[in-house]
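Chain and residue survey
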Amino acid sequence: MRIAVFASGGGSNFQAIADACLDESIPAEVVCCIASRPDAGVIERAKHLEIDVHVLSSSPEGIAGEILRVLDQKNVDLIALAGFMKMIPESVVRLYRNRILNIHPALLPDFGGKGMYGMNVHRAVIESGASESGATVHLVDEHYDTGAVVLQESVNVEENDSPEDLAERVLHVEHRLYPRAIALFANDRVRIEGRHVEILERDSPDDN
Ligand code: GRF
């Protein structure tokens with residue numbers, strides 16, 4: 001399976017996914033990194049791993065065409081959004097329906113939606129008094145954070161946590177959860193019907 005990772009930031013999730021492909025815990029290859037800005041930290045990480053990088057440069061109207069060209073050139077099967085700060089154009093969602101994943105740093109459907117990114121999420125969780133937060137890997141549809149959930153893992157919210165403390169605890173989980181979710185797709189262990197995602201049992205003990 002050929003994966004494109006889309007990112008705008010430091011790229012620690014990109015790194016976790018690429019490393020898991022290299023050590024073969026995901027039977028797939030990261031064939032390109034699409035960055036939304038030329039100063040994204042993820043670019044250095046990709047170069048270091050000799051993974052092709054494409055930095056988006058189109059106006060909002062041209063972005064769908066630009067993305068689709070790269071995906072086509074690279075023969076991409078699965079897209080993993082990892083801290084990508086742009087909305088995926090509808091035409092891309094339509095063509096790659098059920099083949100675009102995102103990771104969100106909270107337990108969706110709570111604390112998602114427009115404006116819920118980065119520290120905003122962790123601040124909102126702490127202000128709500130919730131005792132748990134976590135990470136969610138979900139399919140991407142035409143709206144923010146509303147696609148069907150593939151995997152979730154929770155963490156405790158400790159008394160006196162700052163948003164940064166919570167972010168760190170959640171990020172640690174993300175680095176394990178996202179590669180696990182992608183491995184399920186690479187091993188053909190995901191069945192999707194409408195909003196229902198079923199994880200199929202392993203068919204052999206070696207199957208990840
Ligand atoms: C992660 O917290 C992820 O949940 C969110 O954006 C952040 C990206 O971090 N979507 P990184 O760039 O992968 O380090």
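Just so it is clear, the model here is predicted, and its values are computed rather than measured.

Moving on to the overall build of the protein. In terms of helices and strands, the protein carries six helices and nine strands. For a compact globule of 208 residues, the expected C-alpha radius of gyration is about 17 Å, and the protein comes in at 17 Å, within 12% of that figure. Overall, the C-alpha framework of the protein stretches about 50 × 45 × 35 Å when taken along its three principal axes. For the protein, the proportion of its 208 residues judged to be buried stands at 48%. When the accessible surface of the protein is split by element, carbon and sulfur atoms take 45% of a total near 10600 Å². For the protein, the centre of its 19 positive side-chain charges and the centre of its 34 negative side-chain charges are spaced 5 Å apart.

Tracing the backbone through its elements, the reader meets Gly41 in the loop between strand 2 (29-35) and helix 2 (42-48). Taking the C-alpha atoms as reference points, Gly41 and Ser91, separated by 50 residues in sequence, lie 28 Å from one another.

Turning to the pattern of salt bridges, a few remarks are in order. Using the criterion set out here, one finds eight salt bridges in the structure. Salt-bridge contacts for Asp39 lead to Arg37; the nearest nitrogen and oxygen are separated by 2.8 Å. Put simply, Arg191 and Asp188 hold a salt bridge, and the shortest N to O gap is 3.6 Å. Residue Arg191 is classed as partly exposed on the basis of its relative accessible area of 39%. A single network of salt bridges, built from pairs that share partners, joins Glu153, Arg176 and Arg180.

Okay, the side chain of Asn13 next. Inspection of the secondary structure assignment puts Asn13 in helix 1 (residues 12-22). The class for Asn13 is buried, based on a relative accessible area of 8%. Aside from chain neighbours lying at most four places away, what touches Asn13 is Ala82, Ile103, Leu171, Glu174, His175 and Tyr178.

This part is about the site of the ligand. By nearness alone, every residue bordering the ligand is listed as Gly9, Gly10, Gly11, Ser12, Asn13, Gly83, Ile103, His104, Pro105, Leu171 and Glu174. In isolation the ligand exposes 370 Å². Once the protein is present, 78% of that is buried. Looking at the shell around the ligand residue by residue, the class counts come to three nonpolar, seven polar and one charged.

Next up on the list: the packing of aromatic side chains. Scanning all chains against the criterion turns up one aromatic pair. On the basis of an interplanar angle of 75° and a centroid distance of 5.2 Å, the ring pair of Phe6 and Phe84 is categorised as edge-to-face. With Phe6 in strand 1 (residues 2-7) and Phe84 in the loop between strand 4 (78-81) and helix 4 (90-95), this residue pair connects regions lying 78 residues apart in the sequence.

In terms of nonpolar packing, the biggest core is built from 46 residues, with Phe14, Leu101, Val150, Tyr178 and Ile182 touching the most fellow members. The leading source of residues in this core is helix 6 (residues 163-186), at 10 residues. Counting 21 residues, the second-largest nonpolar core is a separate cluster that includes Ile79, Leu81, Phe84 and Ile88.

We now examine the pairing of strand 6 (residues 132-139). Burial of strand 6 is extensive: seven of the eight residues sit out of reach of the surface. Relative to strand 6, strand 5 (residues 100-104) runs antiparallel, the two sharing four bridges. Residue Leu101 lies in a different strand from strand 6, and its bridge partner there is Leu139. Two strands pair when backbone bridges link them, and strand 6 and strand 7 (residues 149-156) are joined in this way by seven bridges, in the antiparallel orientation. Within the sheet, the bridge partner assigned to Thr136 lies in strand 7 and is Gln152.

Thresholds applied
Residues numbered from 1 in each chain as written. Predicted model: local features only at pLDDT ≥ 70, side-chain atom pairs only at ≥ 80, totals over all residues. Heavy atoms only, no water. Helix = DSSP H or I, 4+ residues; strand = E, 2+ residues; numbered from the N terminus. Rg over C-alpha atoms; globule rule 2.2 N^0.38 Å. Buried < 20%, exposed > 50% of the residue type's maximum accessible area, 1.4 Å probe, protein only. Areas by Shrake-Rupley, 256 points an atom, 1.4 Å probe, with all protein chains shown as cover. Lys, Arg positive; Asp, Glu negative; His and termini not counted. Charge placed at Lys NZ, Arg CZ, Asp CG, Glu CD. Salt bridge = Lys/Arg side-chain N within 4 Å of Asp/Glu carboxyl O. Contact = heavy atoms within 4.5 Å. Near = heavy atom within 4 Å. Nonpolar A, V, L, I, M, F, W, Y, C, P; charged D, E, K, R; others polar. Phe/Tyr/Trp six-rings, centres within 6.5 Å; stacked < 30°, edge-to-face > 60°. Core = buried A, V, L, I, M, F, W, Y, C linked by side-chain atoms within 4.5 Å. Pairing = 2+ DSSP bridges.

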